[in-house]
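A structural walkthrough
Spelled out from the first residue to the last, the chains are:
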Amino acid sequence: MLITKAPDIRPSEITPESVYVNRRQFLRASSGAALGALALAGAGAAAFRGAAPVQAQTSLGALKKSPFTTDEKLNSFDDITTYNNFYEFGTDKSDPARHAGRLTTKPWTVKVEGLCEKPADYALDDLLKPHALEERTYRLRCVEAWSMVIPWVGIPLGDVLKRFEPTSKARFVEFTTLYRPTELPGQRTAALDWPYVEGLRLDEAMHPLTIFAVGLYGKTLLNQNGAPIRLVVPWKYGFKSIKSIVKIRFTDTQPKTAWSVANPREYGFYSNVNPEVDHPRWSQARERRIGEFFRRKSEMFNGYGEQVARFYAGMDLKKYY
Ligand SMILES: Nc1nc2c(c(=O)[nH]1)N[C@H]1C(S)=C(S)[C@@H](COP(=O)(O)O)O[C@H]1N2
Ligand SMILES: [Mo]
(Lines give C-alpha, C1' and ligand atoms only; values in the text may rest on other atoms or scores of the structure.)
(Ligands and ions follow the chains in the order given, each with its own letter.)
Protein backbone atom coordinates (compact mmCIF):
# COMPACT_ATOMS: atom_id res chain seq x y z
CA MET A 1 0.00 0.00 0.00
CA LEU A 2 0.98 3.63 -0.21
CA ILE A 3 3.16 5.21 2.42
CA THR A 4 3.09 8.79 3.63
CA LYS A 5 6.25 10.77 3.08
CA ALA A 6 7.83 12.74 5.87
CA PRO A 7 6.22 16.16 5.71
CA ASP A 8 8.58 18.87 4.50
CA ILE A 9 8.01 21.36 7.25
CA ARG A 10 10.30 24.37 7.34
CA PRO A 11 12.29 25.04 10.51
CA SER A 12 10.15 28.09 11.28
CA GLU A 13 7.09 25.86 11.47
CA ILE A 14 8.47 23.19 13.73
CA THR A 15 6.68 23.12 17.03
CA PRO A 16 9.01 23.73 19.96
CA GLU A 17 9.04 20.87 22.45
CA SER A 18 7.51 23.12 25.10
CA VAL A 19 4.35 23.69 23.15
CA TYR A 20 3.97 20.16 21.90
CA VAL A 21 0.58 18.90 22.93
CA ASN A 22 -0.91 15.48 22.76
CA ARG A 23 -4.39 14.73 21.61
CA ARG A 24 -5.94 15.03 25.04
CA GLN A 25 -4.50 18.50 25.41
CA PHE A 26 -5.77 19.38 21.97
CA LEU A 27 -9.26 18.50 23.05
CA ARG A 28 -8.89 20.61 26.16
CA ALA A 29 -7.29 23.45 24.20
CA SER A 30 -10.04 23.51 21.67
CA SER A 31 -12.51 24.07 24.47
CA GLY A 32 -10.77 27.35 25.18
CA ALA A 33 -8.74 27.11 28.37
CA ALA A 34 -5.13 26.20 27.62
CA LEU A 35 -5.02 28.09 24.39
CA GLY A 36 -2.73 31.00 25.21
CA ALA A 37 0.23 28.75 25.90
CA LEU A 38 -0.25 26.96 22.61
CA ALA A 39 -0.58 29.98 20.40
CA LEU A 40 3.07 29.97 19.37
CA ALA A 41 3.44 27.07 17.04
CA GLY A 42 2.95 27.30 13.33
CA ALA A 43 2.60 31.03 13.20
CA GLY A 44 5.50 30.93 10.70
CA ALA A 45 4.65 32.38 7.35
CA ALA A 46 1.33 33.86 8.37
CA ALA A 47 2.96 36.03 11.03
CA PHE A 48 5.03 37.88 8.47
CA ARG A 49 2.10 38.56 6.24
CA GLY A 50 0.82 41.02 8.82
CA ALA A 51 -2.80 42.20 8.69
CA ALA A 52 -4.96 39.58 10.41
CA PRO A 53 -4.05 38.24 13.86
CA VAL A 54 -1.68 35.30 14.07
CA GLN A 55 -3.57 32.04 14.23
CA ALA A 56 -2.95 29.49 16.95
CA GLN A 57 -2.20 25.95 15.90
CA THR A 58 -1.71 22.90 18.04
CA SER A 59 0.08 19.68 17.19
CA LEU A 60 -2.21 16.70 16.97
CA GLY A 61 0.20 14.16 18.42
CA ALA A 62 0.50 10.55 17.33
CA LEU A 63 -1.58 9.81 14.28
CA LYS A 64 -2.39 6.51 12.71
CA LYS A 65 -1.53 6.35 9.03
CA SER A 66 -4.40 5.53 6.73
CA PRO A 67 -3.94 3.01 3.91
CA PHE A 68 -5.86 5.42 1.67
CA THR A 69 -2.95 7.85 1.72
CA THR A 70 -1.50 8.75 -1.68
CA ASP A 71 2.30 8.65 -2.02
CA GLU A 72 2.56 11.67 -4.33
CA LYS A 73 4.88 14.52 -3.46
CA LEU A 74 3.20 16.81 -0.95
CA ASN A 75 2.51 20.45 -1.64
CA SER A 76 4.26 22.71 0.83
CA PHE A 77 2.56 24.09 3.93
CA ASP A 78 2.93 27.48 2.32
CA ASP A 79 1.11 26.45 -0.90
CA ILE A 80 -1.69 24.81 1.06
CA THR A 81 -2.26 27.78 3.36
CA THR A 82 -1.84 30.72 0.96
CA TYR A 83 -3.54 29.54 -2.26
CA ASN A 84 -7.14 28.93 -1.22
CA ASN A 85 -10.74 29.06 -2.27
CA PHE A 86 -12.88 30.23 0.63
CA TYR A 87 -15.27 32.80 -0.75
CA GLU A 88 -16.40 33.85 2.73
CA PHE A 89 -13.06 35.70 2.85
CA GLY A 90 -13.08 36.96 -0.73
CA THR A 91 -12.72 35.56 -4.21
CA ASP A 92 -8.95 35.93 -4.71
CA LYS A 93 -6.75 32.96 -3.90
CA SER A 94 -4.82 35.17 -1.47
CA ASP A 95 -7.88 36.58 0.36
CA PRO A 96 -8.38 33.67 2.78
CA ALA A 97 -4.80 33.80 4.09
CA ARG A 98 -5.07 37.59 4.45
CA HIS A 99 -8.38 37.73 6.27
CA ALA A 100 -8.88 34.38 7.98
CA GLY A 101 -7.04 35.34 11.16
CA ARG A 102 -10.05 37.38 12.15
CA LEU A 103 -12.34 34.37 12.40
CA THR A 104 -12.86 33.01 15.91
CA THR A 105 -13.35 29.26 16.04
CA LYS A 106 -13.68 28.76 19.80
CA PRO A 107 -16.13 27.80 21.06
CA TRP A 108 -17.44 25.76 18.10
CA THR A 109 -20.70 23.87 18.02
CA VAL A 110 -22.06 21.59 15.32
CA LYS A 111 -25.83 21.27 15.14
CA VAL A 112 -27.09 17.86 14.03
CA GLU A 113 -30.68 17.71 12.81
CA GLY A 114 -33.11 16.05 10.46
CA LEU A 115 -33.75 12.34 9.96
CA CYS A 116 -31.72 10.83 12.80
CA GLU A 117 -32.25 9.52 16.34
CA LYS A 118 -29.63 11.73 18.02
CA PRO A 119 -30.20 15.31 16.89
CA ALA A 120 -28.42 17.76 19.20
CA ASP A 121 -25.91 20.56 19.41
CA TYR A 122 -22.49 18.96 19.77
CA ALA A 123 -19.49 20.86 21.10
CA LEU A 124 -16.60 20.16 18.73
CA ASP A 125 -14.69 18.27 21.44
CA ASP A 126 -17.62 15.95 22.06
CA LEU A 127 -17.97 15.35 18.36
CA LEU A 128 -14.31 14.32 18.03
CA LYS A 129 -13.65 12.64 21.37
CA PRO A 130 -14.55 9.03 20.51
CA HIS A 131 -12.44 9.00 17.35
CA ALA A 132 -8.77 8.35 16.64
CA LEU A 133 -7.24 10.90 14.29
CA GLU A 134 -5.60 9.62 11.12
CA GLU A 135 -3.15 11.11 8.68
CA ARG A 136 -4.58 10.92 5.16
CA THR A 137 -2.84 12.43 2.20
CA TYR A 138 -5.22 13.20 -0.65
CA ARG A 139 -5.04 15.09 -3.89
CA LEU A 140 -7.52 17.99 -3.86
CA ARG A 141 -8.73 18.55 -7.44
CA CYS A 142 -10.39 21.93 -7.88
CA VAL A 143 -13.02 22.34 -10.60
CA GLU A 144 -10.79 25.18 -11.88
CA ALA A 145 -8.39 22.45 -13.13
CA TRP A 146 -5.61 22.75 -10.57
CA SER A 147 -4.71 20.34 -7.81
CA MET A 148 -2.67 20.04 -4.63
CA VAL A 149 -1.52 17.14 -2.48
CA ILE A 150 -2.47 17.72 1.14
CA PRO A 151 -1.62 15.63 4.21
CA TRP A 152 -4.94 15.94 6.05
CA VAL A 153 -5.54 14.87 9.61
CA GLY A 154 -9.05 13.62 10.15
CA ILE A 155 -11.56 10.89 10.81
CA PRO A 156 -13.86 8.94 8.51
CA LEU A 157 -17.11 10.88 8.22
CA GLY A 158 -19.13 7.67 8.36
CA ASP A 159 -17.84 6.86 11.85
CA VAL A 160 -19.15 10.20 13.06
CA LEU A 161 -22.48 10.06 11.22
CA LYS A 162 -23.27 6.57 12.55
CA ARG A 163 -23.32 7.93 16.08
CA PHE A 164 -26.27 10.16 15.17
CA GLU A 165 -28.22 7.07 14.03
CA PRO A 166 -29.69 8.23 10.73
CA THR A 167 -33.19 6.78 10.26
CA SER A 168 -34.12 4.48 7.37
CA LYS A 169 -35.69 7.50 5.62
CA ALA A 170 -32.39 9.43 5.49
CA ARG A 171 -30.91 9.34 1.97
CA PHE A 172 -28.77 12.47 1.88
CA VAL A 173 -26.76 14.57 4.26
CA GLU A 174 -26.42 18.35 4.04
CA PHE A 175 -23.61 20.44 5.52
CA THR A 176 -23.64 24.17 6.25
CA THR A 177 -20.78 26.61 6.80
CA LEU A 178 -20.77 29.22 9.55
CA TYR A 179 -22.70 32.40 8.72
CA ARG A 180 -21.03 35.35 10.49
CA PRO A 181 -20.61 38.38 8.22
CA THR A 182 -18.74 40.32 10.93
CA GLU A 183 -15.83 37.90 10.62
CA LEU A 184 -16.44 36.59 7.11
CA PRO A 185 -16.29 39.72 4.93
CA GLY A 186 -17.22 37.85 1.75
CA GLN A 187 -20.65 37.25 3.29
CA ARG A 188 -21.25 41.00 3.01
CA THR A 189 -21.07 40.56 -0.78
CA ALA A 190 -23.33 38.60 -3.11
CA ALA A 191 -20.58 36.28 -4.37
CA LEU A 192 -22.73 33.29 -3.35
CA ASP A 193 -26.03 32.70 -1.54
CA TRP A 194 -24.87 32.48 2.07
CA PRO A 195 -24.36 30.39 4.03
CA TYR A 196 -22.38 27.97 1.83
CA VAL A 197 -24.11 24.59 1.75
CA GLU A 198 -23.10 21.23 0.35
CA GLY A 199 -24.52 17.74 0.30
CA LEU A 200 -23.76 14.11 -0.33
CA ARG A 201 -25.83 11.02 -0.89
CA LEU A 202 -25.73 9.03 2.33
CA ASP A 203 -23.80 6.17 0.69
CA GLU A 204 -21.15 8.65 -0.51
CA ALA A 205 -20.98 10.16 2.95
CA MET A 206 -20.51 6.75 4.58
CA HIS A 207 -17.72 5.65 2.22
CA PRO A 208 -14.45 5.25 4.17
CA LEU A 209 -12.66 7.66 1.80
CA THR A 210 -14.85 10.55 2.95
CA ILE A 211 -13.44 12.35 5.97
CA PHE A 212 -13.92 15.19 8.34
CA ALA A 213 -10.55 16.97 8.40
CA VAL A 214 -9.47 18.85 11.52
CA GLY A 215 -5.82 19.35 10.63
CA LEU A 216 -3.04 19.11 8.08
CA TYR A 217 0.71 18.56 8.32
CA GLY A 218 0.09 17.17 11.82
CA LYS A 219 -1.45 20.33 13.25
CA THR A 220 -4.90 21.87 13.58
CA LEU A 221 -6.24 23.60 10.47
CA LEU A 222 -5.60 27.24 9.82
CA ASN A 223 -8.86 29.09 9.27
CA GLN A 224 -8.20 29.52 5.54
CA ASN A 225 -8.36 25.73 5.19
CA GLY A 226 -11.71 25.47 6.96
CA ALA A 227 -10.98 25.38 10.68
CA PRO A 228 -11.98 23.88 12.91
CA ILE A 229 -13.71 21.13 10.90
CA ARG A 230 -14.31 20.64 7.18
CA LEU A 231 -15.29 17.92 4.80
CA VAL A 232 -12.88 16.24 2.37
CA VAL A 233 -14.34 14.07 -0.42
CA PRO A 234 -11.35 13.09 -2.55
CA TRP A 235 -13.12 11.79 -5.69
CA LYS A 236 -15.14 14.99 -6.13
CA TYR A 237 -14.21 18.51 -7.16
CA GLY A 238 -12.84 20.62 -4.32
CA PHE A 239 -15.98 22.68 -3.84
CA LYS A 240 -17.78 19.65 -2.34
CA SER A 241 -15.25 19.78 0.50
CA ILE A 242 -17.12 22.39 2.53
CA LYS A 243 -15.24 24.32 5.19
CA SER A 244 -15.95 25.48 8.76
CA ILE A 245 -19.04 23.34 9.23
CA VAL A 246 -21.67 24.29 11.83
CA LYS A 247 -24.59 22.10 10.76
CA ILE A 248 -25.23 18.54 9.60
CA ARG A 249 -28.74 17.64 8.47
CA PHE A 250 -30.08 14.27 7.32
CA THR A 251 -32.73 14.51 4.60
CA ASP A 252 -34.80 12.35 2.29
CA THR A 253 -34.46 14.76 -0.64
CA GLN A 254 -31.36 15.96 -2.48
CA PRO A 255 -30.02 19.05 -0.71
CA LYS A 256 -29.31 22.31 -2.50
CA THR A 257 -25.62 23.08 -2.90
CA ALA A 258 -24.07 26.55 -2.99
CA TRP A 259 -22.48 26.20 -6.41
CA SER A 260 -25.39 24.56 -8.16
CA VAL A 261 -27.67 27.32 -6.85
CA ALA A 262 -25.19 29.95 -8.11
CA ASN A 263 -24.86 28.34 -11.54
CA PRO A 264 -26.83 25.15 -12.19
CA ARG A 265 -25.58 24.82 -15.74
CA GLU A 266 -21.97 24.69 -14.63
CA TYR A 267 -22.17 22.89 -11.29
CA GLY A 268 -24.27 19.87 -10.43
CA PHE A 269 -24.92 17.91 -7.27
CA TYR A 270 -22.53 15.04 -7.98
CA SER A 271 -19.41 16.94 -9.09
CA ASN A 272 -17.32 13.82 -9.48
CA VAL A 273 -13.91 14.50 -10.99
CA ASN A 274 -14.46 13.51 -14.61
CA PRO A 275 -11.89 14.28 -17.32
CA GLU A 276 -14.46 13.28 -19.95
CA VAL A 277 -17.07 15.88 -19.05
CA ASP A 278 -15.79 19.39 -19.62
CA HIS A 279 -16.92 22.39 -17.66
CA PRO A 280 -18.93 24.58 -20.07
CA ARG A 281 -16.09 27.12 -20.08
CA TRP A 282 -12.97 24.93 -19.90
CA SER A 283 -11.62 21.42 -20.29
CA GLN A 284 -11.37 19.04 -17.34
CA ALA A 285 -9.01 16.66 -19.17
CA ARG A 286 -5.90 18.04 -17.47
CA GLU A 287 -4.94 19.77 -14.27
CA ARG A 288 -2.08 21.92 -13.07
CA ARG A 289 -0.43 20.77 -9.87
CA ILE A 290 0.21 23.93 -7.84
CA GLY A 291 3.95 24.55 -7.97
CA GLU A 292 4.41 22.84 -11.33
CA PHE A 293 4.41 24.24 -14.84
CA PHE A 294 3.25 21.44 -17.11
CA ARG A 295 -0.23 20.11 -16.74
CA ARG A 296 -0.96 16.46 -16.12
CA LYS A 297 -3.87 14.27 -17.10
CA SER A 298 -6.79 14.23 -14.71
CA GLU A 299 -8.01 10.88 -13.50
CA MET A 300 -11.59 9.64 -13.44
CA PHE A 301 -12.92 10.02 -9.89
CA ASN A 302 -9.56 11.65 -9.13
CA GLY A 303 -8.01 8.15 -9.11
CA TYR A 304 -10.55 6.47 -6.81
CA GLY A 305 -12.67 4.74 -9.47
CA GLU A 306 -11.92 1.31 -8.05
CA GLN A 307 -13.50 2.33 -4.77
CA VAL A 308 -16.41 4.53 -5.86
CA ALA A 309 -17.36 3.92 -9.52
CA ARG A 310 -20.00 1.41 -8.36
CA PHE A 311 -21.96 4.25 -6.73
CA TYR A 312 -22.71 5.66 -10.18
CA ALA A 313 -23.23 2.47 -12.16
CA GLY A 314 -25.96 2.99 -14.73
CA MET A 315 -26.03 6.77 -14.28
CA ASP A 316 -25.36 9.06 -17.24
CA LEU A 317 -22.45 11.07 -15.87
CA LYS A 318 -22.97 13.79 -18.50
CA LYS A 319 -26.40 14.37 -17.05
CA TYR A 320 -25.50 13.82 -13.40
CA TYR A 321 -22.40 16.04 -13.41
N1 LIG B 1 -17.41 27.30 3.00
C2 LIG B 1 -16.67 27.15 1.91
N3 LIG B 1 -16.12 25.94 1.66
C4 LIG B 1 -15.34 25.77 0.56
C5 LIG B 1 -15.14 26.83 -0.38
C6 LIG B 1 -15.76 28.09 -0.08
O7 LIG B 1 -15.64 29.07 -0.83
N8 LIG B 1 -16.49 28.20 1.07
N9 LIG B 1 -14.41 26.62 -1.52
C10 LIG B 1 -14.30 25.23 -1.99
C11 LIG B 1 -13.36 25.06 -3.08
S12 LIG B 1 -13.82 25.66 -4.60
C13 LIG B 1 -12.18 24.37 -2.95
S14 LIG B 1 -11.19 24.04 -4.29
C15 LIG B 1 -11.72 23.92 -1.61
C16 LIG B 1 -10.34 24.48 -1.35
O17 LIG B 1 -9.82 23.99 -0.13
P18 LIG B 1 -8.40 24.50 0.39
O19 LIG B 1 -8.37 25.99 0.27
O20 LIG B 1 -8.28 24.01 1.79
O21 LIG B 1 -7.36 23.87 -0.52
O22 LIG B 1 -12.58 24.35 -0.56
C23 LIG B 1 -13.97 24.26 -0.85
N24 LIG B 1 -14.75 24.55 0.33
MO1 LIG C 1 -12.45 24.64 -6.19
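Residues numbered from 1 in each chain as written. Chains lettered and ligands numbered in written order. Predicted model: local features only at pLDDT ≥ 70, side-chain atom pairs only at ≥ 80, totals over all residues. Heavy atoms only, no water.

Concerning the overall build of the chain
When its secondary structure is counted, the chain shows ten helices and 13 strands. Residue burial in the chain is summarised as follows: out of 321 residues, 55% are buried. Considering only contacts in the chain between residues 6 or more positions apart, those separated by 24 or more positions represent 73%. Of the roughly 14100 Å² that the chain leaves accessible, carbon and sulfur atoms contribute 54%. (Helix = DSSP H or I, 4+ residues; strand = E, 2+ residues; numbered from the N terminus. Buried < 20%, exposed > 50% of the residue type's maximum accessible area, 1.4 Å probe, protein only. Contact = heavy atoms within 4.5 Å. Areas by Shrake-Rupley, 256 points an atom, 1.4 Å probe, with all protein chains shown as cover.)

Comments concerning the confidence of the model for the chain
Averaged over every residue, the pLDDT of the chain is 88; residues scoring 70 or more account for 84%. For residues 1-49, every residue scores under 50 in pLDDT, and the model assigns this stretch 77 contacts once sequence neighbours within four places are set aside. (pLDDT = per-residue confidence, 0-100.)

Notes on the site of ligand 1
Inspection of the region around ligand 1 gives 16 residues, with N84, Y87, E88, T177 and K243 positioned closest. For ligand 1, a nitrogen atom lies 3.2 Å from a polar atom in the backbone of N85. Residue K243 places a side-chain N or O atom 2.7 Å away from an oxygen atom belonging to ligand 1. Taken by itself ligand 1 offers 540 Å² of open surface, and the protein chains cover 98% of this. (Near = heavy atom within 4 Å. Polar contact = N/O pair within 3.5 Å; in protein donor to acceptor, adjacent residues only side chain to side chain.)

Some thoughts on the sheet that holds strand β6 (residues 172-177)
If you walk across this open sheet you meet the five strands as β3-β2-β11-β6-β7, and the pairing is mixed. The sheet terminates laterally at β3 (120-123) and β7 (197-201), the two strands that pair on one side only. Neighbour to neighbour, the strand axes of the sheet diverge by 20 degrees on average, direction disregarded. Judged from the four bridges that link them, strand β2 (residues 109-114) and strand β11 (residues 245-251) form a sheet pairing that is parallel. Bridge pairing in β11 places V112 opposite I248. (Pairing = 2+ DSSP bridges. Axes fitted to C-alpha atoms, helices over the stretch in contact; angles between N-to-C directions.)

Focus on the pairing of strand β8 (residues 211-216)
The buried fraction of β8 is high, at six of six residues. Bridge count between strand β5 (residues 146-156) and β8: five bridges; the pairing is antiparallel. Bridging across to β8, P156 finds its partner in I211. As paired strands, β8 and strand β9 (residues 219-220) are joined by two bridges and run antiparallel to one another. Opposite G215, over in β9, you have T220 as the bridge partner.

Some thoughts on the packing of aromatic side chains
Where two aromatic rings form a pair, the distance of their centres and the angle of their planes describe that pair. One pass over the structure, following the stated rule, counts 17 aromatic pairs. The interplanar angle of 85 degrees and the centroid separation of 5.1 Å between the aromatic rings of Y83 and W146 together place this pair among those described as edge-to-face. Of the two residues, Y83 sits in the loop between α4 (77-82) and α5 (95-99) while W146 sits in strand β5, which places them 63 residues apart along the sequence. Judged by its relative accessible area of 23%, Y83 falls in the partly exposed class. Here the aromatic rings of W235 and F311 are separated by 6.4 Å at their centres, their planes lie at 50 degrees, and the arrangement is tilted. In this pair, W235 sits in the loop between β10 (230-232) and β11 while F311 sits in the segment after α10 (305-308), placing the two residues 76 residues apart along the sequence. Connected via pairs of aromatic rings, a cluster forms that spans F172, W235, F269, Y270, F301, F311, Y312 and Y320. Over the ring of F77 we find K219; its NZ or CZ atom is 5.8 Å from the centre of that ring. (Phe/Tyr/Trp six-rings, centres within 6.5 Å; stacked < 30°, edge-to-face > 60°. Lys NZ or Arg CZ within 6 Å of the ring centre and 35° of its normal.)

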